[in-house]
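Reading the structure
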Amino acid sequence: MSTNLKYLSLGILVFQTTSLVLTMRYSRTLKEEGPRYLSSTAVVVAELLKIMACILLVYKDSKCSLRALNRVLHDEILNKPMETLKLAIPSGIYTLQNNLLYVALSNLDAATYQWPSDSQLDSKELSAGSQFVGLMAVLTACFSSGFAGVYFEKILKETKQSVWIRNIQLGFFGSIFGLMGVYIYDGELVSKNGFFQGYNQLTWIVVVLQALGGLVIAAVIKYADNILKGFATSLSIILSTLISYFWLQDFVPTSVFFLGAILVITATFLYGYDPKPAGNPTKA
């Protein structure tokens, strides 16, 4: 059963990450009248949706009893403040990572992602600057994601609390950190145009996919491990690029990309390869 959950969660993660990257990139480059939605508010809304989904799942596990749900939340969260505080570290890192994803998809490959600007900079300089910002965002997200994933896996596998309870704790701190980011970076825009400025149907799809990703990643770490989660994410990047090339036709892969794709596929195969133990040699 655990093996089936392992590969099911991995498959869903690949699908979710691929869909999220493509829809998020499109939503950040879509030209519409009025202000564009704020990525900082989208991160907060995704965390709140994740908390609501986890509470419903805990409610289901409590045999649909509100009294049992209240007891579980009180016993596992309020009565264990130190256990809850442990989730503040990975939560802050995941919040940073989610915001960096929006930054990367808004700046990488400037010919496709770059929004029109009133700046008088030369287009080549603008493109180079955008690529640098996007690259730094991706690198920072990669390093922070690795640490947060290992830390979260350790917490999940060393305690008896359910993955949904842990996600509620994670989402609680994520919402706080996210709101701090909204106030610091986008406070003026929110006060001027509102918290949900620029939101449309596509924006809500992105938010729901991001909330789903938090749940799926937690399940993958619980039933598999953080390394396999990284491989699944890498496979989704390759799949996203192939879709961009063959369907969207907005990306031309280079030799470096093909080398990276081969390394990822090889690493995935080696991770899942289980060699048969050599038999004992027969004595003459």
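Before going into details, it helps to say that this report is about the structure given with it. Note that the structure is predicted; figures quoted are calculated from it, not measured. (Residues numbered from 1 in each chain as written. Predicted model: local features only at pLDDT ≥ 70, side-chain atom pairs only at ≥ 80, totals over all residues. Heavy atoms only, no water.)

Here we come to the overall build of the protein chain. Check the secondary structure of the protein chain and you find 11 helices and 0 strands. Listing every helix and strand of the protein chain by position from the N terminus yields α-α-α-α-α-α-α-α-α-α-α. For the protein chain, the share of sequence-separated contacts (at least 6 apart) that also reach a separation of at least 24 residues comes to 82%. (Helix = DSSP H or I, 4+ residues; strand = E, 2+ residues; numbered from the N terminus. Contact = heavy atoms within 4.5 Å.)

So, about a nonpolar patch on the surface. Taken together, the side chains of Phe-172, Ile-176, Phe-177, Met-180, Tyr-183, Ile-184 and Tyr-185 define a hydrophobic patch exposed on the protein surface, amounting to about 830 Å² of accessible area. Inspection of the secondary structure assignment puts Ile-184 in helix 8 (residues 163-193). (Patch = residues over 30% accessible without salt bridge, like charges linked within 9 Å, V, L, I, M, F, W, Y side chains within 5 Å. Areas by Shrake-Rupley, 256 points an atom, 1.4 Å probe, with all protein chains shown as cover. Salt bridge = Lys/Arg side-chain N within 4 Å of Asp/Glu carboxyl O.)

With that out of the way, let us pick up the packing of aromatic side chains. Considering all chains together, one arrives at 6 aromatic pairs under this definition. Considering the side-chain rings of Phe-195 and Phe-196, the 5.1 Å spacing of their centres and the 70° angle between planes classify their relative orientation as edge-to-face. Taking the relative accessible area as the measure of exposure, Phe-195 reaches 23% and is therefore partly exposed. An aromatic cluster of three or more residues is present, and its members are Tyr-37, Phe-195, Phe-196, Tyr-199 and Trp-204. (Phe/Tyr/Trp six-rings, centres within 6.5 Å; stacked < 30°, edge-to-face > 60°. Buried < 20%, exposed > 50% of the residue type's maximum accessible area, 1.4 Å probe, protein only.)

Mapping Leu-139 onto the fold places it in helix 7 (residues 123-158). On the basis of relative accessible area, Leu-139 is assigned to the partly exposed category, the value being 37%. Through-space distance from the C-alpha of Leu-139 to that of Leu-100 is 9.5 Å; in sequence the pair is 39 residues apart.

The next point concerns the pattern of salt bridges. A full pass over the atoms with the stated rule returns 4 salt bridges. As a salt-bridge pair, Glu-76 and Lys-80 come within 3.2 Å of each other at their nearest N and O atoms. Since its relative accessible area comes to 22%, Glu-76 is described here as partly exposed. The partly exposed category is assigned to Lys-80, whose relative accessible area is 34%. One network of salt bridges, with partners in common, ties together Glu-83, Lys-86 and Arg-166.

Function cannot be read off these values alone, since they describe shape.
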